[in-house]
Amino acid sequence: MSAAGFKPGPKTFERTSTSDPLKYICPHSLKFIHQSIHTDSRAATSQSLEVVRGDLSTSVGKQLLDLRSWKTFLPVSLQHKMEEYLPASVLLFASSAVMGLGIGTLMSKFNLPYIWAHKVNPASKRHGGEIVVDVLKKHNVKHIFTLSGGHISPILVAAEKEGIQVVDTRHEVTTVFAADAVARMSGSVGVAVVTAGPGLTNTVTAVKNAQMAESPVLLMGGAAATILQGRGALQDIEQLALFKPLCKYTASVKTVRDIAPTLREALKQAQSGTPGPVFVEFPIDVLYPYSMVSKEIAPPGPPPKNIQQRVVQWYLSNYLNNLYAGAWEPRNHDPLSLDIPIVPYATVEKCASLLRSARKPVFVVGSQATLPPSPAADTRRALEKMGVPCFLGGMARGLLGRKSAIQMRQKRGECLKEADVIVLAGSVADFRLSYGRVLNKHAKIIAVNRNKEQLYKNSDMFWKPEVAAEGDVGTFLKDLSSAVSGYQVDESWVTKLAARDQEKEEANAKMAEVPPEQHLNPLKLFMELEEALPEDAVLVADGGDFVGTASYILRPRGPLKWLDPGAFGTLGVGGGFAIGAKLSRPESQVWIIYGDGACGYSLSELDTYVRHNLPLIAVVGNDAGWTQIAREQVPIFGSSVACDLVHTDYHKVAEGFGARGLAMGRGDNMTEVFKKAQEIHDKEKKPVLINALIGKSKFREGSLSV
């Protein structure tokens, strides 16, 4: 290639600095200079100089190579020597820079300086599971839910040693449901750890449920060693891609020293902003001791015979050393500060002005009202101080106690059509509020939510917020209560809504006295149970039609004493939710309200209750079918296909798992059966299941199943 044929292209290299003109020489120029030097031709050298001059376009470069500017300062002989040796010098410097860059890149890629400075102790028996557990302890984690697997054994063993209770279940999905319940009831993070591959895929439904319920859950999963991923290792799949759409934060730990900072960030993200699940992947080699991992990755053997074997041996040895370099050096394991959005006080004042002018205000309070940092008791006092009629949903059920003068339970749709100021305090205009269509179009609507997407859900179609505030609901309600101090709601409005409630309650009581064609009336069952429940009872809802009936009759006794799946409508939460609830409230009676279809998902967790000494009570509404679906399918299509079950003896199944089982049918005194179950719970400290045969009821006609 001749100099005349080469046209320097400024776009073929990147200008990153004006202080070093060598950076302006493109690779093509360097190659040409190299060729010209080896020709030992002064003409070629002169041509190479012109190429370099073409590449150097900055004022610094031009001045450096403008030999005419030097003539007034340098002797002629020196000028000739510089003209002769400058290209070679430039080439030398450029070559050195390229070599330095290459060496630096190599050292950085393989982390050589850090490895040299942090020597590994091959004799150490410590393992990554110890770091995991220490971080969890610093974050006040009391329980880990798991189903055993070889990938995660170091975490479980370390947890047992350090006093964190390890609860092993019969299905991985239960581990996340249990962690979800702990998160909701404790106000901190629930933790589940499962093995790689199918262990993790089994949790997907529960993780999605936690995402939609906005529960801070940490899921830790095992994985194949990083060096073996994608090479056909046991249970090796792309796990991060699977969980990224479901989790606020996902990460894979690459070295032992990364365990603590990764976990701290994950735990922070789970609780900050809108709470939700996070996932941290632990390749097996970051959890086990050096001695065991070295045997698998770089086992002793004969010396390498060729250069290829030497390179592979060096690479494996370096990989191993990088895994453990700096592993046991002191690091901060304490919790990071959380980012909680707070509604500005100016916005609160605007909302207060709207509320003070209202004649028919109403609050629709959702689960976010129970989130930290606001204690549920403070939020309750704020609502009671304002005296505005409230409808409570999700985890907010029970926020105002069993009976409250301002809590309305019936005919919510009618109320929302009449209200002139509606406060959606953590509630979302999704299917539960008919996508916003149920809201009075002339009302002033105040929406408060931590999640911006949920805050404006369907506001482009069926409703418009007067004020939309992104922030913590509990804090907002307390601030709003202070801002409207002295405000009194029109008593006639509260009385009108209370009268509607009473009318509906009386109609339900009459319907409860109507005997079905066979078995028990489900309304009557729940009215009897309502009177039997103690004040500390925690209710776990897992079902369709049976649970839908319960939600109208049973009254949660206080804040955080009602657990249902939330917006995802997931069946199968009962077993895991009950485990988490009982561990969070060990002195309380935990009652699972099971549909007979839903109980099939987690009935085997009776074994978990027995093994871990978790007495609780389950009531199965056994109507031998998927009634919520059949209620619409049969009239529309004339077929009950896939909706029919049988009256299974679930109480006998419970006995098989070591629990106690009781049968309840027509002719039995329901109150006495409930008392018997409570005696078993309190005195024998055993889980008990009541198999209640129920008949058909028209109470839920017209309810939605899609």
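Cut-offs used in this document
- Residues numbered from 1 in each chain as written.
- Predicted model: local features only at pLDDT ≥ 70, side-chain atom pairs only at ≥ 80, totals over all residues.
- Heavy atoms only, no water.
- Buried < 20%, exposed > 50% of the residue type's maximum accessible area, 1.4 Å probe, protein only.
- Helix = DSSP H or I, 4+ residues; strand = E, 2+ residues; numbered from the N terminus.
- Contact = heavy atoms within 4.5 Å.
- Pairing = 2+ DSSP bridges.
- Phe/Tyr/Trp six-rings, centres within 6.5 Å; stacked < 30°, edge-to-face > 60°.
- Lys NZ or Arg CZ within 6 Å of the ring centre and 35° of its normal.
- Axes fitted to C-alpha atoms, helices over the stretch in contact; angles between N-to-C directions.
- Polar contact = N/O pair within 3.5 Å; in protein donor to acceptor, adjacent residues only side chain to side chain.
- Core = buried A, V, L, I, M, F, W, Y, C linked by side-chain atoms within 4.5 Å.
- Expected span 1.5 Å × (residues − 1).

**Some remarks on helix 6 (residues 128–138)**
Those residues of helix 6 that sit buried are G128, G129, I131, V132, V133, V135 and L136. Where helix 6 is buried, its residues contact strand 1 (143–147), helix 7 (153–161), strand 3 (190–194), strand 4 (217–223), helix 12 (259–271) and strand 6 (278–283).

**Section: the pairing of strand 10 (residues 444–449)**
Of all the six residues making up strand 10, five are buried; the element is thus mostly covered by neighbouring parts of the structure. In the sheet, strand 9 (residues 421–425) pairs with strand 10 via five bridges, with the strands oriented parallel. In the sheet register, L424 faces strand 10, and the bridge partner there is A447. Both strand 10 and strand 11 (residues 467–470) contribute to a ladder of four bridges, which runs parallel. The residue of strand 11 that forms the bridge with V448 is A469.

**A few points about the pairing of strand 4**
In terms of burial, strand 4 is largely enclosed, as seven of its seven residues are buried. Pairing analysis gives five bridges linking strand 3 to strand 4, with the strands arranged parallel. Within strand 4, the residue paired with V193 across the bridge is M220. In terms of strand pairing, strand 4 meets strand 6 through six bridges, oriented parallel.

**Points about the packing of aromatic side chains**
One pass over the full model with this rule turns up five aromatic pairs. Both rings, one in F526 and one in F546, keep their centres 4.6 Å apart while their planes meet at 40°; by these two values the pair is tilted. Highlighted residues: F526 in helix 21 (residues 522–532) and F546 in helix 22 (residues 545–553), separated in sequence by 20 residues. There is no split in this pair, since F526 and F546 are both buried. Positioned above the aromatic ring of W562, the side-chain terminus of R397 is 5.1 Å from the ring centre. Cation over ring: R437 sits above F462, and NZ or CZ is 4.8 Å from the ring centre.

**A look at the sheet that holds strand 3**
On the basis of which strands lie adjacent, the open sheet formed by six strands has the order 2-1-3-4-6-5 and parallel pairing. Both outer strands of the open sheet, strand 2 (165–168) and strand 5 (249–252), are each paired with one neighbouring strand and no more. Strand-to-strand, the axes of this sheet are offset by a mean angle of 20°, without reference to chain direction. The sheet strands contacting helix 23 (residues 574–584) are strand 1 and strand 2, and the helix crosses strand 1 at an angle near 155°.

**Focus: the sheet that holds strand 16 (residues 660–664)**
The strands making up a sheet are joined through hydrogen bonds of the backbone, oriented either antiparallel or parallel. Read across the sheet, six strands follow the order 13-12-14-15-17-16 without closing on themselves; strand pairing throughout is parallel. Lying at the two open borders of the sheet, with one neighbouring strand each, are strand 13 (562–563) and strand 16. In this sheet, strand 17 (residues 688–693) lies alongside strand 15 (residues 617–622) in parallel orientation, the contact comprising six bridges. Among the inter-strand pairings, N622 is bridged to a residue of strand 17, identified as L693. Its contacts with the sheet put helix 28 (residues 670–684) on strand 14 (590–595), strand 15, strand 16 and strand 17, and the angle it makes with strand 16 is roughly 175°.

**Focus: the environment of V646**
Relative to the assigned elements, V646 resides in the loop between helix 26 (627–637) and helix 27 (650–656). Residue V646 is classed as exposed on the basis of its relative accessible area of 57%. With 22 residues separating them along the chain, V646 and A624 place their C-alpha atoms 4.5 Å apart. Those residues in contact with V646 that lie beyond four places of it in its chain are N622 and A624.

**A look at the environment of T370**
Inspection of the secondary structure puts T370 in the loop between strand 7 (361–365) and helix 16 (376–386). When the C-alpha atoms of T370 and L560 are compared, they prove to be 7.6 Å apart, with 190 residues separating the residues in sequence. A polar side-chain atom of T370 sits 2.7 Å from the main-chain carbonyl oxygen of S367.

**Re the side chain of D472**
One can find D472 in the loop between strand 11 and helix 19 (473–483). Excluding anything up to four places from it in sequence, D472 contacts I340, P341, I342, L371, P372, P373, S374 and R450.

**Notes on the nonpolar core**
Membership of the largest hydrophobic core comes to 56 residues, with the highest contact counts inside it found for F363, M386, I422, L424, I446, F476 and L480. Grouped together as the second largest cluster of nonpolar side chains are 48 residues, L200, L246, A581 and L614 included.

**As for helix 15 (residues 345–356)**
With twelve residues, helix 15 extends 16 Å between its outermost C-alpha atoms, agreeing within 8% with the 16 Å of an ideal straight helix rising 1.5 Å per residue. Looking at the buried positions of helix 15, the neighbouring elements they touch are strand 7, helix 16, strand 9, strand 10, strand 11 and helix 19.

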